[in-house]
Amino acid sequence: MALLEVTGLTGGYGVTDVLHDVSFSVEQGGITTILGANGAGKTSVLRALCGMLRVSGGTIQFASDKLNGRATESIVRLGIGHVPDGRGTFLNLTTEENLRVGAMTRKDKAGISEDFKRVYGYFPRLQERRHQQAGTLSGGEQQMLAISRALMLRPRLLLLDEPSFGLAPLVVQDIFRIMRTINDEQKVAILLVEQNASLALELADSAYLLETGRVVMSGPARELREAESVRRSYLGY
Amino acid sequence: MEAFLHQVFSGLANGAIYASLALALVMIYQSTHHINFAQGEMAMFSTYLAWAMINAGIPYWMAFALTVIASFFIGLTIERVIVRRVADAPVLTLVVVFIALLVILNSITGWIFTYTIKVFPSPFPEQPLFGPYVSSHEAGVVGVSLIVLLLLFLFFRFTSLGLAMRATAENAVSSRLSGIRVGWMLALGWGLAASIGAIAGMMVAPIVYLDPNMMSGILLYGIAAALMGGIDNPFGAVVGGLIVGVLENLMGAYVVGTELKLTVALMLIIGVLIFKPTGLFGRSFVTRV
Ligand SMILES: Nc1ncnc2c1ncn2[C@@H]1O[C@H](COP(=O)(O)OP(=O)(O)OP(=O)(O)O)[C@@H](O)[C@H]1O
Ligand SMILES: [Mg+2]
């Protein structure tokens, strides 16, 4: 059974729907990517999962829990880490305080300090800057911090909204390499939303293509990489 | 010279009270961008609770502690029951709600306790302990305010709950995404603000006497202090409070006379809004008042 199963999701902002009958799934320990151009509805899908979008139809099933209608806080507490669009850094808090906020719902002190070590291991730069105000971190560092903050929750599922956005290619590669590690080592399932299709398709095992709020193509990532239309529109060769 | 020193010291004591009130305003402003115009009347109501307890024979400090706790729950309840329902309403709606709250608290208090002016006791001795220029009550007010500030600082800096509240104040969406129950954090902020206001009320009541309108002027000074320090900066609120307190006393004694003291507060508010809307230490512009 899939870890996350979304069926017929319809919803939007105010009275307009921006998602229409969207279905997809993320396997236990798997990596799924949703690709799409600007305004396709990728961010909206992630918002819907976390109870931050008006959902008018469909079901969102996470393991044994139905997420429809639940408050964001409660959804997150089920083990869903969300690295939002724009990173959501707490600019006035220090790096370390940002991570402590990420672990706020947990009580296991030993596990928390273990996870501090782990994320500092993934991103040594964050450790160097742990007492620095997060607002003064670079864009890449803030992205690392956002991922780490979500990991401090010890999620079962990690939602990532365009982690490559606005970053230099080398930093992007670094971050993708670490997502692979996180997935391998901690068995965290990942739902990755991206415009950088080539990187995303390399990392993911299954992929969905979103256009104006509808899924227009889906399948194993390998297959989408080969598909003529994806190549032309998203991979550029 | 002696008169001057006396004015400065009693200005600092008043300033400590304005600082506390300003801090309560800032605490709510930071997380919701609302200026709680009813903060003063909430403090006044709390002070009446303390008066009733003391009159019933409960020892002062016991009544003090009970009032602080009761006020916390009153503030919490006001947020949960009233404020959160209008949290996303237009600014004007909010202002109307806060002013309604102010008037309601004022008239309920007048109805229960009458408008007759009452004497409120000071827990500090009559005779001056710190030299001739400063009364024990003034020194005590400064001391109590410092303790409140220190406790607040420790709470926000070193506890998990304090961190959660700071996170909520800065970015509610990210806080939700970290599993923080944002609604409760806002309610806690209201509770804390009400407690701080209650302490300010109990400290000022022996000076201005207890009546349902006792806080209206003081709230203006508190707003002036908060704006002067930067409405989103707790440290600024405290400094702003002390500056306003001393300034008010010196202006009253040497420049404009005591009748026009309150005008000083209003001039400060207008001056800051026009010339330096971010205040002395503020980060962001004041866009909603
Ligand atoms: N807060 C909002 N209110 C109203 N409409 C919105 C809001 N946010 C997004 N939309 C609309 O919803 C649609 C999908 O937007 P969404 O942000 O989900 O796209 P996206 O795929 O994430 O785009 P991008 O790659 O640019 O981030 C767009 O048409 C957008 O205009
Ligand atoms: Mg987006």
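Numbering of residues starts from 1 in each chain and follows the order in which that chain's sequence is written. Just so you know, chain letters begin at A and ligand numbers begin at 1, following the order they were written in. Local features in this predicted model are restricted to residues of pLDDT 70 or higher, and side-chain atom pairs are both shown and tallied only at a pLDDT of 80 or more, whereas totals for entire chains, interfaces and linings draw on every residue. To get the side-chain values, take all heavy atoms of the structure and skip hydrogens and water.

### Description of the overall build of chain A
Helix and strand labels come from DSSP, where a helix needs a run of H or I of at least four residues and a strand needs a run of E of at least two; each type is numbered from the N terminus. Counting its regular elements, chain A contains ten helices and ten strands. Its C-alpha atoms give chain A a radius of gyration of 17 Å, near enough to 18 Å, the size a compact globule of 237 residues would have. Across its three principal axes, chain A shows a C-alpha extent of roughly 45 × 40 × 35 Å. When the 237 residues of chain A are sorted by exposure, 55% land in the buried category. Based on C-alpha atoms, the radius of gyration is set beside the globule rule, defined as 2.2 Å times the residue count to the power 0.38. Residue burial is assigned from relative accessible area. The probe radius is 1.4 Å, only protein chains are included, and a residue is buried under 20% of its type maximum, exposed over 50%, and partly exposed in between.

### A few points about the overall build of chain B
Looking only at helices and strands, one finds eleven helices and zero strands in chain B. Compactness check: chain B gives a C-alpha radius of gyration of 18 Å against a globular reference of 19 Å for 289 residues, within 12% of the reference. For chain B, the proportion of its 289 residues judged to be buried stands at 53%. Here the contacts in chain B between residues at least 6 apart in sequence split such that 75% fall between residues at least 24 apart. For the area figures, the Shrake-Rupley method with a 1.4 Å probe applies, and any residue is considered shielded solely by the protein chains shown. Carbon and sulfur atoms form 73% of the exposed surface of chain B, whose accessible area is close to 12700 Å². The positive count covers Lys and Arg only, the negative count covers Asp and Glu only, and His and the chain ends enter neither. The atoms used to mark charge sites are NZ of Lys, CZ of Arg, CG of Asp and CD of Glu. When the 12 positive and 11 negative side-chain charges of chain B are each reduced to one mean point, those points stand 17 Å apart. The contact criterion used is simple: two residues touch if any of their non-hydrogen atoms lie within 4.5 Å.

### Things to note about helix α6 (residues 139–151) of chain A
Residue and element names in this part refer to chain A. An ideal rise of 1.5 Å per residue puts 18 Å on 13 residues; α6 measures up with 18 Å between its terminal C-alpha atoms. The buried count for α6 comes to twelve of 13 residues, which makes it a mostly enclosed element. What α6 keeps buried is the set Gly-140, Glu-141, Gln-142, Gln-143, Met-144, Leu-145, Ala-146, Ile-147, Ser-148, Arg-149, Ala-150 and Leu-151. Given the number of residues in a helix, its expected span is that number minus one, multiplied by 1.5 Å.

### Things to note about the environment of Gly-111 of chain A
Residue and element names in this part refer to chain A. Looking at the element boundaries, Gly-111 is found in helix α4 (residues 109–122). The class of Gly-111 is buried, set by a relative accessible area of 9%. Between the C-alpha atom of Gly-111 and that of Gln-143, which follows or precedes it by 32 residues, the distance is 23 Å.

### Some words on the site of ligand 1
Residues and elements named next belong to chain A. Around ligand 1 lies a shell of 13 residues, among which Asn-38, Gly-39, Lys-42, Thr-43 and Ser-44 are the nearest. We define a polar contact as two N or O atoms separated by no more than 3.5 Å, with the added condition that, inside protein, one atom must be a possible hydrogen donor and the other a possible acceptor, whereas residues neighbouring each other in sequence contribute only through side-chain atom pairs. At 3.4 Å, a side-chain N or O of Tyr-13 approaches a nitrogen atom of ligand 1. One of the backbone nitrogen or oxygen atoms of Ala-40 is found 3.2 Å away from an oxygen atom of ligand 1. Taking 630 Å² as the accessible area of ligand 1 by itself, protein coverage stands at 58%. Considering each element in turn, the shell around ligand 1 owes the most residues, four residues, to helix α1 (residues 42–49). Class assignment for the residues of the shell around ligand 1 results in four nonpolar, six polar and three charged. In this text, near means that some heavy atom of the residue lies within 4 Å of the molecule or strand in question. Under the scheme applied here, ten amino acids are nonpolar (Ala, Val, Leu, Ile, Met, Phe, Trp, Tyr, Cys and Pro), four are charged (Asp, Glu, Lys and Arg), and all others, including Gly, are polar.

### What to know about the side chain of Ser-175 of chain B
As for its placement among the helices and strands, Ser-175 of chain B is situated in helix α7 (residues 172–177). A polar contact is formed between the side chain of Ser-175 of chain B and the backbone oxygen of Asn-171 of chain B, at a distance of 2.8 Å. Sequence-distant contacts of Ser-175 of chain B, that is, excluding residues within four places in its chain, are made with Phe-90 of chain A together with Ala-167, Thr-168, Ile-180 and Val-182 of chain B.

### Quick look at helix α1 (residues 2–32) of chain B
Here α1 of chain B is 31 residues long and its end C-alpha atoms lie 45 Å apart, about the 45 Å a rise of 1.5 Å per residue gives. Looking one or two residues beyond α1 of chain B, the residue adopting positive phi is His-33 of chain B, at roughly 60 degrees.

### Remarks on the confidence of the model for chain B
For residues with low pLDDT, the predicted coordinates do not support detailed interpretation. All names here are of chain B. A score between 0 and 100, pLDDT records how confident the predictor is in each residue. Mean pLDDT over chain B stands at 90; residues scoring 70 or higher make up 98%. A low-confidence stretch, residues 285–289 stays under pLDDT 50, and its non-local contacts, those more than four residues away or across chains, total 18 contacts. For this predicted complex, the interface confidence comes out at an ipTM of 0.93, alongside a pTM of 0.90.

### Brief notes about the interface of chain A and chain B
Contact with chain A, which involves 23 residues of that partner, is made by 20 residues of chain B. Defined here as a combined quantity, buried area equals the accessible surface (1.4 Å probe) lost by two parts on assembly, summed across both. A combined buried area of about 1800 Å² lies between chain A and chain B, and 56% of that area is made up of carbon and sulfur atoms. Summed over the three residues of chain A that lose the most area to chain B, namely Glu-73, Phe-90 and Met-104 of chain A, the buried surface amounts to 32% of that side. Each salt bridge in this description consists of a side-chain nitrogen of Lys or Arg and a carboxyl oxygen of Asp or Glu lying within 4 Å of one another. Linking chain A to chain B there are three salt bridges.

### Quick notes on the sheet that holds strand β2 (residues 16–26) of chain A
In any sheet, the strands associate via hydrogen bonds between backbone groups, in a parallel or an antiparallel arrangement. All names here are of chain A. Two strands are counted as paired when DSSP detects at least two bridges linking them. With antiparallel pairing, the four strands of this open sheet are ordered in space as β2-β1-β4-β5. Of all the strands in the sheet, just β2 and β5 (65–66) have a single pairing partner and so form its edges. One ladder, built from seven bridges, connects strand β1 (residues 4–13) with β2; its direction is antiparallel. For Val-6, the partnering residue across the bridge sits in β2 and is Phe-24. Fitted lines through C-alpha atoms serve as axes, helices being fitted only where they are in contact, and the angles separating the N-to-C directions of these axes extend from 0 to 180 degrees. Across the sheet, α1 touches β1, β2 and β4 (54–62), and the angle it forms with β2 is around 75 degrees.

### Description of a nonpolar patch on the surface
The patches reported here contain residues having more than 30% relative accessible area and no salt bridge. Joining distances are 9 Å for like charges and 5 Å for nonpolar side chains (Val, Leu, Ile, Met, Phe, Trp, Tyr). Together, Met-1, Phe-4, Tyr-254, Val-255, Val-256 and Leu-260 of chain B line one region of the surface with nonpolar side chains, adding up to about 610 Å² of accessible area. When you line up the elements, Val-255 of chain B lands in helix α10 (residues 234–255).

### Here's the deal with the nonpolar core
By convention a nonpolar core is built from buried Ala, Val, Leu, Ile, Met, Phe, Trp, Tyr and Cys residues, the set being connected through side-chain atoms within 4.5 Å. If you look at the biggest cluster of nonpolar residues, it comprises 90 residues, and the most contacted ones within it are Val-101 of chain A together with Phe-64, Phe-120, Met-202, Met-203, Met-215 and Val-244 of chain B. Among the elements that line this core, the one with the most residues is helix α8 (residues 182–208) of chain B, at 15 residues. If sequence neighbours within four positions are ignored, Met-202 of chain B has contacts with Thr-47, Ala-50, Tyr-60, Phe-64, Thr-67, Val-68 and Phe-120 of chain B. Listed in part, the 46 residues of the second largest apolar core include Leu-35, Ala-134, Leu-203 and Ala-207 of chain A.

### Comments concerning the domain arrangement of chain A
All names here are of chain A. The domains assigned to chain A are domain 1 (2–79 + 155–235) and domain 2 (90–154). Throughout the structure description, domain borders are defined by an automatic or database domain assignment. Measuring from the centre of the C-alpha atoms in domain 1 to the corresponding centre in domain 2 gives 23 Å. Of the residues lining the interface, 16 residues belong to domain 1; the matching set on domain 2 comes to 13 residues. Across the domain 1 to domain 2 interface the summed buried area is about 1300 Å²; carbon plus sulfur atoms make up 75%. Summed over the three residues of domain 1 that lose the most area to domain 2, namely Pro-155, Ile-178 and Gln-186, the buried surface amounts to 35% of that side. Linking domain 1 with domain 2 are zero salt bridges. At the boundary of domain 1 with domain 2, the tally comes to two residue pairs in polar contact (both at pLDDT 80 or more). Every element with two or more residues in the side of domain 1 that touches domain 2 is listed here: α2 (72–77), β7 (157–161) and α7 (169–186).

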